[in-house]
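Architecture and fold: a report
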Amino acid sequence: MLILIENTVCLNAGDAAIMLAIIRILRRTFGEQTEFVVFDSNPEVAARYYPDIKFRPLTTPLAAPPSISLPLIGKRLATRLRRKIGVLKKREFRRLLTSAKNNNGSVGWSPLLTKQTRENIALYAKADLVVSTGGTYLVEHYDLSTRFEEFEKDLALNKPLVLFTQSLGPFNKPENQQRVKSIIDQVRVALLRDEKSENNLRAIGVEHDRLKVISDSVFAFADMERLSKRQGSERSEKLKVAVSVRDWAHFEGLSPQEGMGRYKSAVTQAISELVKTRNAEVTFLSTCQGIPEYHYDDSIVAQAIADGLDAETRKSVSVDSGFYGPDALLKKVTDFDFVISTRMHMAILSLCAGVPVLPISYEFKTTELYQGLSQSQWVTDISHIEPVSFTQRVLDFTGHLDEFYQAAAPRIREQSASAWSAGPLIQASLSSQPAHLGAKAMKQAS
């Protein structure tokens, strides 16, 4: 069986954890001989960090063959030519999709599309299942056009398409509402991480019953033995705390500069009080760091916060800027008594290791996650974070670590079982054929 996983960004270790969890879940369902190919935004670099995975670039009709270049002409004429070439590429892309669908994957040559694009189309035509990776990329503060093109390509080829565990929406733009509804109406199953995402799809008119709310795929990493056996924390003289921070630009009612200033001030004050009043040893650590080619590096924000601490506090604070894959990070966090996490998958991996996590929520996905754990009282919204109240929440949390663990551990085990249920749900979806709108998808792909 050939399964393609698309829309991944595996230079982010949280997204890599999603991808690896999907493979583990689907191998259990479809067998160890199942072949996977992953279509990533930066496949060459990702392959260096995950050499056992077959990576390929995302498929787009607008990738230019190396042999095509525009002459040195006027700017206005060059713009018109680029637009015309773009139209021709999309038309040629549609032709090759039709050829691949009707001729058992045979694509043929094209003067306008790259060899990689043609090879990708042929590979998609042979696939038994296409899985769009889990995550939070179908939200309107990101550009959705590339995601739509990927989905519409899959559906134009009449491939069974599954959306793995998503947090998505809301969709306020009419053009997005129309395209999202069209896509979701054609998928075999859309796995959603929370009821809010389901409500966002119902709000744009999605009516079918192929929306399934289950846990984030990364809960498949849960260390069941550790979660079952731990009865209480055995702490050293120093309280060891890991802190995950990140850059963020989408604050409610605040500019990015104002929002980041308040966020960093809150984290700074909380760390200072942990060191001074709880004898804490603090290490900055996150899922997005240590890869120069990735446009996010949380250790840069961490270093800026650490540099702003007073000299005495700074002695107890370090910044770990190294790269850790999901399994290595899972092992690494067991060194800590608890984690303060802004990155959601830093939080989930820590929870999977049986480590208490105090979350800072920058999107609704984290708030929904903690509601599912019955621990929503510990969530801080990044748009409303305030140094005094956040510091007090952090200090309060240090006195409730065992209580948090005892309450959350059973829920984490439930979340893990829910994550693994994705495999049977997808298997069942392949035995039922929804009303495909392949012709409509083909038109949209143009």
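Keep in mind it's a predicted model, so treat the numbers as computed, not measured.

The rules behind these values
Residues numbered from 1 in each chain as written. Predicted model: local features only at pLDDT ≥ 70, side-chain atom pairs only at ≥ 80, totals over all residues. Heavy atoms only, no water. Helix = DSSP H or I, 4+ residues; strand = E, 2+ residues; numbered from the N terminus. Rg over C-alpha atoms; globule rule 2.2 N^0.38 Å. Contact = heavy atoms within 4.5 Å. Areas by Shrake-Rupley, 256 points an atom, 1.4 Å probe, with all protein chains shown as cover. Lys, Arg positive; Asp, Glu negative; His and termini not counted. Charge placed at Lys NZ, Arg CZ, Asp CG, Glu CD. Core = buried A, V, L, I, M, F, W, Y, C linked by side-chain atoms within 4.5 Å. Buried < 20%, exposed > 50% of the residue type's maximum accessible area, 1.4 Å probe, protein only. pLDDT = per-residue confidence, 0-100. Phe/Tyr/Trp six-rings, centres within 6.5 Å; stacked < 30°, edge-to-face > 60°. Lys NZ or Arg CZ within 6 Å of the ring centre and 35° of its normal. Expected span 1.5 Å × (residues − 1). Arc of directions from axis to C-beta. Polar contact = N/O pair within 3.5 Å; in protein donor to acceptor, adjacent residues only side chain to side chain. Pairing = 2+ DSSP bridges. Axes fitted to C-alpha atoms, helices over the stretch in contact; angles between N-to-C directions. Salt bridge = Lys/Arg side-chain N within 4 Å of Asp/Glu carboxyl O.

**Considerations on the overall build of the chain**
Along the backbone of the chain there are 18 helices and 13 strands. Computed over its C-alpha atoms, the radius of gyration of the chain comes to 23 Å, within 12% of the 22 Å expected for a compact globule of 446 residues. Projected onto its principal axes, the C-alpha positions of the chain cover 70 × 55 × 40 Å. Long-range pairs, those at least 24 residues apart, make up 74% of the contacts in the chain with a sequence separation of at least 6. For the chain, the exposed surface amounts to about 19000 Å²; the carbon and sulfur share of it is 48%. Computed over 55 positive and 51 negative side-chain charges, the separation of the two mean positions in the chain equals 9 Å.

**Side note on the nonpolar core**
In this structure, F284 and I340 are the most contacted members of the largest nonpolar core, which totals 106 residues. The element best represented in this core is helix α1 (residues 13-30), accounting for eleven residues. Setting aside residues up to four positions removed in sequence, F284 forms contacts with V243, V245, V267, I271, A302, I305, A306, V317, S318, V319 and D320.

**Observations regarding the confidence of the model for the chain**
Confidence along the chain averages 92 in pLDDT terms, with 92% of residues attaining 70 or more. Scored below 50 in pLDDT, residues 435-439 makes nine contacts in the model with residues more than four places away or belonging to other chains.

**Description of the packing of aromatic side chains**
Here a ring pair, both rings aromatic, is described through the centre-centre distance and the interplanar angle of the planes. Within this structure, the stated rule accounts for nine aromatic pairs. Where F39 meets Y124, the ring centres are 4.8 Å apart and the plane angle is 45°; that geometry is what we call tilted. Taken as a pair, F39 in strand β2 (residues 35-40) and Y124 in helix α4 (residues 115-126) lie far apart in primary sequence, 85 residues in all. Pair check on accessibility: F39 and Y124 agree, each one buried. Look at F397 and F404: their rings are 5.3 Å apart centre to centre, the planes differ by 75°, and that puts the pair in the edge-to-face class. For the pair formed by F397 and F404, the shared burial category is buried. The rings of F338, Y370, W378, F397 and F404 are connected pair by pair, giving a single aromatic cluster. In this structure, R28 packs its charged tip against the face of W420, placed 3.7 Å from the ring centre. Here the guanidinium or amino end of R246 rests over the ring plane of Y362, the centre of that ring lying 4.6 Å away.

**So, helix α15 (residues 387-398)**
Under the 1.5 Å per step criterion, the end-to-end length of α15 is 17 Å for twelve residues, consistent within 8% with the ideal 16 Å. Among all positions of α15, only P387, F390, T391, V394, L395, F397 and T398 are buried. Within α15, the buried residues cover an arc of 155° as seen down the axis, which keeps them to one side. One side-chain oxygen at the N-terminal end of α15 lies 3.1 Å from the backbone nitrogen of V388; it belongs to E386.

**A closer look at the sheet that holds strand β13 (residues 380-381)**
Overall, parallel pairing links the six strands, which are arranged β10-β9-β8-β11-β12-β13 in an open sheet. Strands at the two margins of the open sheet, each flanked by one partner only, are β10 (317-319) and β13. Pairing between strand β9 (residues 280-284) and β10: three bridges, direction parallel. Bridge pairing in β10 places F284 opposite V319. The strands touched by helix α9 (residues 256-278) within the sheet are β8 (239-244), β9, β10, β11 (338-341) and β12 (357-361), with β9 carrying the most contacts at an inclination of about 145°. Helix α13 (residues 344-352) rests against β8, β11 and β12 of the sheet, and its axis sits at about 165° to β11.

**Brief notes about the pattern of salt bridges**
Per the counting criterion, the structure on display carries 18 salt bridges. Note that K153 is salt-bridged to D154, the shortest N-O span being 2.5 Å. Across the pair, exposure class does not vary: K153 and D154 are buried alike. Of the charged contacts, one joins K332 and D320 as a salt bridge, the two residues approaching to 3.9 Å between their closest N and O atoms. Placement of K332 in helix α12 (residues 326-332) and of D320 in the loop between β10 and α12 is noted, with a sequence separation of twelve residues between them. Classification of K332 by relative accessible area gives partly exposed; the value is 25%. Within the structure, one salt-bridge network assembled from shared partners comprises E6, E150, K153 and D154.

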